[in-house]
Amino acid sequence: MNVIKAIQHYADKMINDVPGMKALLLDTETTPIISLVTTQSSLLTKECYLIDRIDNRNRDKMKHLKCICFLRPTRESLQYLIAELKEPAYGDYYLYFSNSVRKSDIEQLAEVDENEVIREVQEYYGDYLAINPDLFSLGQDPHHLFGNSVNSWDPDTFEQTVRGLSAVLLSLKKKPVIRYERASAMAKKLALEVQNTITSEGQLFDFRRTDTPPILLVLDRRNDPVTPLLTQWTYQAMVHELIGIHHGRVDMTNVPEVKNELKEIVLSPDQDPFFKKSMYLNLGDLGATIKHYVDEYQTKTKSNMNIESIADMKRFVEEYPEFRKLSGNVSKHVALVSELSRRVAQDHLLEISELEQGLACNENHNSDLKNIQRLIETPQINEDAKIRLVLLYALRYERMANNAVKSLIDLLDRVGVSERKSALVPALLFYAGYQQRQDDLFSNQSFLSRGKSALKGLKGVENVYTQHTPLLADTLDLLIKARLKDTDYPFVDGSQYVRERPQDVIVFISGGATFEEARYIAQLNSSTPGIRVVLGGNCIHNSKSFLQQVQQVGEGYMNLSNR
Amino acid sequence: MNFKDRTSEFYNLVERIKKRGKVSVPTTKKQPMATSRSEFARMAAQLGRSLASTSQKLEQLTTQDITKLNNQLKILQSVSKSKSSSKQAADHTNSVIVSLQAKLADTSLGFKDVLESEVDIKQQQSYPVPSNSPQPRRRVTANQQSTQDTYESPQSLGIPMISQQQQQQVMIEQQDQRIETRSNAMETVESTIAELGSIFQQLATMVAEQRETIQRIDQNTDDIEMNVLGAQNQLMKYYSNISSNRSFIIKVFVTIILLFLLFSLF
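Residues numbered from 1 in each chain as written. Chains lettered and ligands numbered in written order. Predicted model: local features only at pLDDT ≥ 70, side-chain atom pairs only at ≥ 80, totals over all residues. Heavy atoms only, no water.

- Chain B is annotated in an unreviewed UniProt entry as t-SNARE coiled-coil homology domain-containing protein from Thamnidium elegans.
- As stated in UniProt under Sequence similarities (unreviewed entry), the record for chain B gives "Belongs to the syntaxin family." (UniProt positions renumbered as here; feature names shortened; annotations may be inferred.)

- The name an unreviewed UniProt entry gives chain A is Vacuolar protein sorting-associated protein 45, with Thamnidium elegans as the organism.

Spelled out as structure tokens, the structure:
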């Protein structure tokens, strides 16, 4: 149940199976898949001397190289592949497809292969982006999520989602029992289609039976619109929220006073042990660990300074590459963390986040309203942050009779927030308002849950800024205790399974997952032995991308349904 | 980490497409083929006839015919190569040639067998059966001869007589030596067999020893099974105990609450 390991295994197998010098050809989809799990230097050690894109047509002819093509079988990449095979630039071709290939496509390849250069055709199901060991993304654009209405899929996105999800199942060797969110038409359609794929590809999914079948839980983002709106304080989530992580890389070009070599940095838990250790720490703890790290670096520097004997020189020369690596890593993380703390100070994130967490977790209408009004009137605060506050307010107090959503929108207008942005409030309520949600998101709908949240409040919170736990936590908690209701989360094939605690759970959130949820999953995995959970989504949201998605909903679909 | 190998499928498709490509090649060269094929057939028929005659001649142990036939076959092959164009015709010529070759090979093999058997027979005749006839009797006859010789020696007095006797003595010595080496070999064989016997005996004792430990292991597994069953029984008992406790607690609580409500309301 480690998605990074799974893809790495595919990549290693691909490269080790072909002996001799080789070139690796990728397409636009598989490039990030491979780059997330391996490095160029590790490929070079396995005699893979050339890595190129298949859509790059001016490649030199090198008949002495063998060519490994790792491609997603899309129309486009197949066209490029056919053009490549008509004029082969390399000696032998080993074709690896990241998903199942249609028979007609193979036939076409066979027809084109006049030079008889194809040696192998394989399907390696590495068709998703492995971000953390327990987090994967399908890397889709949230703009192309919806079809005709906000309840239906875009056909292309849907096809790719089904293929990607079945690739995840195949690469993890799981034949799951599928459950989905009852209220979400999209989740239901996806779950049914995945089940169809499993039954039609019965031979592929024929794995060794486990005692308890793994569970694939298909959720919908609209059931929990709060999580992507909150300011994040743990390292990975915060970097994504404030700067943005794209395919494991962080673009630092907009950061002031940054060195040239740090314009673009790589954050990968697989290749960077410090990041692996600290990715789920909050900013305060992160400061402490990074101080340790710098101290360690300093002692190394000192020990490298005093070179008095030949033995010292020898040691220095031996340790120097390691030392350079360490220094690069230290400066990378120091630059990132200093940028994060700069942004925290500049955007008044502490103040905003406290209010956000309060809105998300506790019901306190009057003081919340007062605080929001005060913050909206503060000119130093970012427009997006103001909008997010109003959105959270609207979500929490949507059902309250005398709520002040209208007046808050007016207030936004008065302080000069554009109408386009304030239109997000009705759009969000349309997309993920009370009627669209299935679960008791704010724990205020029944007497029992009110009592529970009151008890939680009595206990007190450790950290005001990270007190919110995503709704996913409650759902998974119930699932693991085998108490998740069949009526709310029905099984696809309708059959009643014996209630037993699941061991392996794959959660897929259609409409995008977040790093806060990923952090929760990682904690769950490490704290409860015997249970392994993997989280995935169409994409990984930060507040910006989620608001774009909501905006698109507002512009594209709201008028249609009103008419 | 599952994957699916579709290489064979791909190769099958390639094969199929290749075949399709061959079939679709236009068959325009058919008419010139007809004459050449009849010529070919004629030659093949001739060859077949001559082959038949060769098999007859074989009895007269003629080797030259085979080489000649071989040459003729080669010529036939070259003819077919120079003329072959369409696939089916080429197949046909090929199969004819191959069958002819096979026949030729058969006949030559038969010839060889005959030769070999003859050679064997000759060899058996030439060697004076040293193994088949029992040795001791020979020695007896030799002795008899020698005694006869000694008896006749005063009568004959010829030198050749003495030389014959000496010769026979040498023969006897040689035979003795041979017998001695044989007996030695027999002894070594006997000793190795005895050694083997002792080894097998050792093995048997070892196996017997193993039996005891295996029996002990068997007993232990039986014990384990019993223990596990006992543990399960205890667990089940405990579980039923707990569940009954739970229901009891719930009942007590319900009654307490009911009483409390009763008292507080009235």
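The rest of the description comes next.
## Some thoughts on the overall build of chain B
Phase 1 of the analysis: What chain B contains, in helices and strands, is six helices and one strand.
Phase 2 of the analysis: Listed N to C, the secondary structure of chain B is β-α-α-α-α-α-α in terms of helices and strands.
Phase 3 of the analysis: Looking at the 266 residues of chain B, the share that counts as buried comes to 13%.
Phase 4 of the analysis: Summarising the internal contacts of chain B: among those between residues at least 6 apart in sequence, 73% fall at separations of at least 24.
Phase 5 of the analysis: As presented, chain B carries roughly 22,200 Å² of accessible surface, and 60% of it is formed by carbon and sulfur atoms. (Helix = DSSP H or I, 4+ residues; strand = E, 2+ residues; numbered from the N terminus. Buried < 20%, exposed > 50% of the residue type's maximum accessible area, 1.4 Å probe, protein only. Contact = heavy atoms within 4.5 Å. Areas by Shrake-Rupley, 256 points an atom, 1.4 Å probe, with all protein chains shown as cover.)

## Describing the overall build of chain A
Phase 1 of the analysis: A count of helical and extended segments in chain A gives 22 helices and 16 strands.
Phase 2 of the analysis: Split into buried and exposed, the 563 residues of chain A put 53% on the buried side.
Phase 3 of the analysis: Surface exposure of chain A reaches about 25,800 Å², of which carbon and sulfur atoms provide 50%.

## A closer look at the packing of helix H6 (residues 155-171) of chain A against helix H7 (residues 185-200) of chain A
Residue and element names in this part refer to chain A.
Phase 1 of the analysis: Closest axis-to-axis distance for the H6/H7 pair is 10 Å, and the angle between their directions is 55°. Between H6 and H7, the angle falls in the class oblique. Seen along the crossing, H6 lies across H7 with a hand that is right-handed. Across the interface between the two elements, Phe158, Thr161, Val162, Leu165, Ser166 and Leu169 of H6 pack against Lys189, Leu190, Glu193, Val194, Thr197 and Ile198 of H7. (Axes fitted to C-alpha atoms, helices over the stretch in contact; angles between N-to-C directions. Parallel < 35°, antiparallel > 145°, perpendicular 65-115°, else oblique. Left-handed = near helix turned anticlockwise from the far one by under 90°.)

## Considering the interface of chain B and chain A
Phase 1 of the analysis: On the side of chain A, 30 residues touch chain B, which itself brings 15 residues to the contact.
Phase 2 of the analysis: Connecting chain B to chain A are three salt bridges.
Phase 3 of the analysis: Where Glu123(A) meets Arg6(B), a salt bridge forms, and the shortest distance between an N and an O atom there is 2.4 Å.
Phase 4 of the analysis: Linking chain B with chain A are eight residue pairs in polar contact (both at pLDDT 80 or more).
Phase 5 of the analysis: Elements supplying a minimum of two residues to the side of chain B that touches chain A: strand E1 (3-5) and helix H1 (7-23) of chain B.
Phase 6 of the analysis: Residues that form the side of chain B that touches chain A fall into these classes: seven nonpolar, two polar and six charged.
Phase 7 of the analysis: In terms of strand pairing, strand E5 (residues 118-124) of chain A meets E1(B) through three bridges, oriented antiparallel. Within E1(B), the position partnered with Tyr124(A) by the bridge is Phe3(B). (Salt bridge = Lys/Arg side-chain N within 4 Å of Asp/Glu carboxyl O. Polar contact = N/O pair within 3.5 Å; in protein donor to acceptor, adjacent residues only side chain to side chain. Nonpolar A, V, L, I, M, F, W, Y, C, P; charged D, E, K, R; others polar. Pairing = 2+ DSSP bridges.)

## A look at the packing of aromatic side chains
Aromatic ring pairs are reported here in terms of the distance separating the ring centres and the angle at which the planes meet.
Residue and element names in this part refer to chain A.
Phase 1 of the analysis: Here the structure, examined in full by the defined rule, presents 16 aromatic pairs over all chains.
Phase 2 of the analysis: Taking the centre distance of 4.9 Å and the plane angle of 55° together, the rings of Tyr96 and Tyr124 count as tilted. A residue pair is termed long-range when its members are at least 10 positions apart, and Tyr96 in strand E4 (residues 90-97) and Tyr124 in strand E5 qualify at 28 residues.
Phase 3 of the analysis: A relative accessible area of 0% places Tyr124 in the buried class.
Phase 4 of the analysis: With a centroid separation of 5.4 Å and 50° between ring planes, the pair formed by Trp233 and Tyr465 is classed as tilted. Of this pair, Trp233 sits in the loop between strand E9 (215-220) and helix H8 (235-242) while Tyr465 sits in the loop between helix H18 (447-459) and helix H19 (471-480), placing them 232 residues apart in sequence.
Phase 5 of the analysis: Exposure remark for Trp233: the relative accessible area of 5% places this residue in the buried category. (Phe/Tyr/Trp six-rings, centres within 6.5 Å; stacked < 30°, edge-to-face > 60°.)

## Some words on the nonpolar core
General note: in soluble globular proteins, nonpolar side chains tend to be found buried as a group.
Phase 1 of the analysis: The biggest cluster of nonpolar side chains holds 155 residues, and the ones touching the most others in it are Phe136(A) and Leu476(A).
Phase 2 of the analysis: The element contributing the most residues to this core is helix H14 (residues 383-396) of chain A, with nine residues.
Phase 3 of the analysis: With residues near it in sequence (within four places) discarded, Leu476(A) still touches Val505(A), Val507(A), Tyr520(A), Ile521(A), Leu524(A) and Val533(A).
Phase 4 of the analysis: Counting 28 residues, the second largest nonpolar core, distinct from the first, contains Leu25(A), Leu78(A), Ala110(A) and Phe10(B). (Core = buried A, V, L, I, M, F, W, Y, C linked by side-chain atoms within 4.5 Å.)

## Quick word on the packing of H14(A) against helix H17 (residues 424-432) of chain A
Residue and element names in this part refer to chain A.
Phase 1 of the analysis: The contact between H14 and H17 brings their axes to 10 Å, and the two run at 40°. As far as their axial angle goes, H17 and H14 are oblique. Both H14 and H17 take part in a crossing whose hand is right-handed. Between H14, through Ile387, Val390, Leu391, Ala394 and Leu395, and H17, the contact on the second element is made entirely by Leu424, Val425, Leu428, Leu429 and Ala432.

## Topic: the pairing of strand E3 (residues 62-71) of chain A
Residue and element names in this part refer to chain A.
Phase 1 of the analysis: As paired elements, strand E1 (residues 22-26) and E3 share five bridges and run parallel to each other. Along E3, the bridge assignment pairs Leu26 with Phe70.
Phase 2 of the analysis: Relative to E4, E3 is paired through seven bridges, and the arrangement is parallel. When the bridges of E4 are listed, Phe70 appears paired with Tyr96.
Phase 3 of the analysis: Assessed by its sense of winding, the connection that carries the chain from E3 through helix H4 (residues 75-86) to E4 is right-handed. (Right-handed = clockwise from strand over helix to strand, strands pointing away.)

## Focus on the pattern of salt bridges
Phase 1 of the analysis: By the definition in use, this model includes 35 salt bridges over all chains.
Phase 2 of the analysis: Residues Glu339(A) and Arg342(A) are paired through a salt bridge, measuring 3.0 Å at the closest nitrogen-oxygen approach. Here Glu339(A) pairs with Arg342(A), and both are found in helix H11 (residues 310-346), just three residues apart, close to one helical turn.
Phase 3 of the analysis: Note on Glu339(A): relative accessible area 4%, which makes it buried.
Phase 4 of the analysis: The partly exposed category is assigned to Arg342(A), whose relative accessible area is 34%.
Phase 5 of the analysis: Connected through shared salt-bridge partners, Lys103(A), Glu123(A), Arg6(B) and Glu9(B) make up one network.

## Points about the side chain of Thr212(A)
All names here are of chain A.
Phase 1 of the analysis: Secondary-structure assignment places Thr212 in the loop between H7 and E9.
Phase 2 of the analysis: The class for Thr212 is buried, based on a relative accessible area of 11%.
Phase 3 of the analysis: Sequence-distant contacts of Thr212, defined by excluding residues within four places in its chain, comprise Glu500, Arg501 and Gln503.

## Section: a negative patch on the surface
Phase 1 of the analysis: A cluster of like negative charges, contributed by Asp218(B), Asp222(B), Asp223(B) and Glu225(B), occupies part of the molecular surface.
Phase 2 of the analysis: Tracing the sequence through the fold places Glu225(B) in helix H6 (residues 159-265). (Patch = residues over 30% accessible without salt bridge, like charges linked within 9 Å, V, L, I, M, F, W, Y side chains within 5 Å. Lys, Arg positive; Asp, Glu negative; His and termini not counted. Charge placed at Lys NZ, Arg CZ, Asp CG, Glu CD.)

## Things to note about the pairing of strand E8 (residues 177-180) of chain A
Residues and elements named next belong to chain A.
Phase 1 of the analysis: Residues Val177 and Arg179 of E8 are buried on one face, and the alternating residues Ile178 and Tyr180, pointing to the opposite face, are buried as well.
Phase 2 of the analysis: As paired elements, E8 and E9 share four bridges and run parallel to each other. Counted as the bridge partner of Arg179 is Leu217 from E9.
Phase 3 of the analysis: Handedness of the E8-H7-E9 crossover: left-handed.

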